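# Analysis of the macromolecular model
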Amino acid sequence: MLEKSFEWLRVAYPNDPSSEIVIFRKATVGRLLTKLIESADEDVVANFAVAAILGISGRFKNDSSTVKMLVDEIRADQAAFPADTEENAIELQVIAALVIGELLSQTKAAQVELRDLVSVMVVLLLESRPLPEGQHLASMLSELQGLAAKAIDKSASKARRRSAISVDAIDSEDVPADLAAMWEVFQQTISEVISQAEREAAKDREELELLWCLFNGFSETLGAPFSELPTEVAAIASGRELAGIAILPPSSAVVAMVVDATTRQRKAAQLADSTLEQILPKWKGDASRCLVPTADALDFVKSHPALFPLSWIALRLREIGGTPKWTDEFGTHTSIDGKLPLSKAQLARQAFFEHCCLRMALAFMTEDDDE
Amino acid sequence: MSGSASCSKADCTIAATGKCLEAHPDPQECPFFATTSAEPEPAVALVTPIEPDQPDEPTPSAGRVFHAGMELGFEDAISLSRAKYVHLVPVLGATDAGKTCVLVSLYLLAVNRMLARFRFAGSQTLLGFEHRARGLRKWPSGELPDQFVDHTILGEDRVPSFVHLAFDDLSRKTHRREFLFTDLPGEWTTDLINRLETAKRFSFLARADAVVVAIDGKRLADPETRQQEVMQAEHLIQRLKQTGMPVHCKAILVISKRDESEISLLPYVESIRNLASELGFALNAIETAAISRDPNRIPNGLGIEELLQTIVAAPESVAQQSRGDKSGRAMSRFTKSGRSK
């Protein structure tokens, strides 16, 4: 995405940014990218994704780690750069977007896992929010959205590509001389073959479980057919349950299944767009039960309401026992207007991607713990 | 002693135009400016010894120049746009096409709370609007500046620059919108039509959110001048394309002075619209009456809010790339459904 530096920096520069600025910012983005990859921290990348998509203003304070990281790196090239977000918010957003764009363009195997997590975050952040009206900002975010979708496609396709289990290693004619050497070779070979068999079985299992889930049309969490649940609840339940079954990152087929489970056998009136203000009262605890994250993911959801708006509000409503004034708090924390009409398909996809993103982030947290 | 003036600031053309890019009324005050004498001074003059205990002469410094509130220069505009998303809207058109009237009308409608969707939320060029509304801010006679200034200061003549308006968009909760409109002499547009080499000064078009082209409705209504007006507008649209205006940028044709014609003039601009379409632009045409001569028939500010709404209208949503599933087998049929609403 560095090749887009000039175009994207135009968002912050009414006239074309000078060559010097473009060179400085490219260097800044390069260093920030290295830092992000080295840290492989789900919180840091989540903050960068939010900064890139939703912006800095009103979301990050001057002393927040994300702003400080951005400003410090910019100042390494250009000492005379304002530290106050009142003066630099848009430019910081563009830099964050360039970093995220670069991360989405990574192809090295070591960075694919991080790239996939960021891709799902970008898709999630743009799922229920309209693009901003600013022509150039919208164009930048749209390009990020396209990159993220492409990255997810690529990884989803790779994760589901079927291959024959190779037993060539077992059939090898090279017979080790002694038992100890033979065990060493055998253990390694058999371990590889079993791992491969396990991966192949997982692909079949995903397909079987998803298709059965769709065939049954039954929510295991709520113990009722999707079609008998209010559409607002069915959207959440199908999104949450199918996200629990899918191999990650999810393929577009699974996303289509989620929408299908929500909209099948519904009348047009049930599928009409509605606002979150209209939707939430219909949840009546059922949808919240699907959305409230498990204990290990609680902190992550609480730290990133913009990324998990549905899970966050479900959690918040449970904490405070519901309040008629939730919309203001929701709007402040998530940048989603409670009065914005959402389709039921959008609602289902939002619930689906929220849980996919949580599962992927949890995998990172587990890796951190292992280290 | 005869001497030549030069400036070390990039792009400054003071030597040719006599106009300081930093907008200093007296170029000698500009830190970038230097006068080189034709006859070299004797070397001794440069090394005049200073008495050791003599206090240093106070060095004249640029100091802090307070914003005059008349217009914004390029550097001022950059400061603003680094902090907030700014809708950059160049307003082009020949002299007397009604460019300034459109801006003044927008300002007056805003401050008098006559816009339905937008609430006035401030302006960094308030004084500039006030002066324009009173007809006090006119282009200087003689040769006009051929470039934007970086900063504007109090006392400066009207110069090619930006004017700023901020609105709260009432259609969306707590949504502030910032606008920078260009304030350019009509000669710039005429020059662009006649000479492509002047296109360099329009490089900012690449960043524009929308470009407003104003044409004189009175001349369009007159059969004798109509064709000339249409041709000028067509040439301008072609020039904009050559200048680098991106095709996704909204092009808005403002037909001014609607109050001076009896009938709608929209049918007369059909050929302009067709040409724009051929060039890849989606052209919106709006009839305006900035300050109506007959408010009972044509209201004051006709079309001005529509113009603002067109500028901020959401860009055509770039369709999310279809997530083509290549996992094969039975699942592939679901990819056909794509992203349903």
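Everything discussed here concerns the structure shown above.
A short tour of the structure in this document, coming up. (Residues numbered from 1 in each chain as written. Chains lettered and ligands numbered in written order. Predicted model: local features only at pLDDT ≥ 70, side-chain atom pairs only at ≥ 80, totals over all residues. Heavy atoms only, no water.)

### Here we look at empty space enclosed by the protein
Residue and element names in this part refer to chain A. Counted by the stated rule, this structure contains three cavities of 30 Å³ or more. In this structure, the second largest cavity encloses a volume near 40 Å³. Lining of the second largest cavity is provided by Ser128, Leu276, Pro309, Leu310, Phe330, Ile336, Leu342, Leu347 and Gln350. Only helix 14 (309-320) and helix 16 (344-370) provide two or more residues apiece to the lining of the second largest cavity. Class assignment for the residues of the lining of the second largest cavity results in seven nonpolar, two polar and no charged. (1 Å grid on protein atoms, 1.4 Å probe; cavity = no way out; pocket = protein on both sides within 12 Å on 5 of 7 lines; lining within 4 Å. Points joined across faces, edges and corners; volume = space filled by probe spheres on them. Helix = DSSP H or I, 4+ residues; strand = E, 2+ residues; numbered from the N terminus. Nonpolar A, V, L, I, M, F, W, Y, C, P; charged D, E, K, R; others polar.)

### Let's talk about the pattern of salt bridges
All names here are of chain A. Applying the stated criterion to the full structure yields 40 salt bridges over all chains. We note a salt bridge from glutamate 232 to lysine 282, for which the minimum N-O separation is 3.5 Å. With glutamate 232 in helix 9 (residues 231-245) and lysine 282 in helix 11 (residues 276-283), this residue pair connects regions lying 50 residues apart in the sequence. Glutamate 277 is the salt-bridge partner of lysine 339, the closest N and O atoms lying 3.4 Å from each other. Residue lysine 339 is located in the loop between helix 15 (326-334) and strand 4 (341-342), and its partner glutamate 277 is located in helix 11; the two are separated by 62 residues in the primary sequence. Among the residues examined, lysine 339 registers a relative accessible area of 54% and is labelled exposed. (Salt bridge = Lys/Arg side-chain N within 4 Å of Asp/Glu carboxyl O. Buried < 20%, exposed > 50% of the residue type's maximum accessible area, 1.4 Å probe, protein only.)

### A look at the environment of B:Phe281
Residues and elements named next belong to chain B. Mapped onto the elements of the fold, phenylalanine 281 is located in the loop between helix 9 (270-278) and strand 10 (283-287). The class of phenylalanine 281 is buried, set by a relative accessible area of 4%. As a C-alpha pair, phenylalanine 281 and proline 246 span 35 residues in sequence and 8.5 Å in three-dimensional space. Residues in contact with phenylalanine 281, not counting those within four places in the same chain, are Ile237, Lys241, Met245, Pro246, Val247, Cys249, Ala251 and Ala276. (Contact = heavy atoms within 4.5 Å.)

### Remarks on the sheet that holds strand 3 (residues 86-89) of chain B
Hydrogen bonds between backbone groups are what pair the strands of a sheet, and the pairing can be parallel or antiparallel. Residue and element names in this part refer to chain B. Across the sheet, four strands lie side by side as 3-7-6-5; this open sheet has mixed pairing. The outermost strands of the open sheet, each flanked by one partner alone, are strand 3 and strand 5 (118-120). On average, adjacent strands in this sheet sit at an angle of 35° to one another, irrespective of strand direction. In this structure, strand 3 lies alongside strand 7 (residues 175-183), joined through four bridges in parallel fashion. Bridge pairing in strand 7 links leucine 88 to leucine 180. Contacts from helix 3 (residues 74-83) reach strand 3, strand 6 (161-169) and strand 7, with the element oriented near 25° to strand 6. Lying over the sheet, helix 10 (residues 304-312) contacts strand 3, strand 5, strand 6 and strand 7, oriented at roughly 105° with respect to strand 7. (Pairing = 2+ DSSP bridges. Axes fitted to C-alpha atoms, helices over the stretch in contact; angles between N-to-C directions.)

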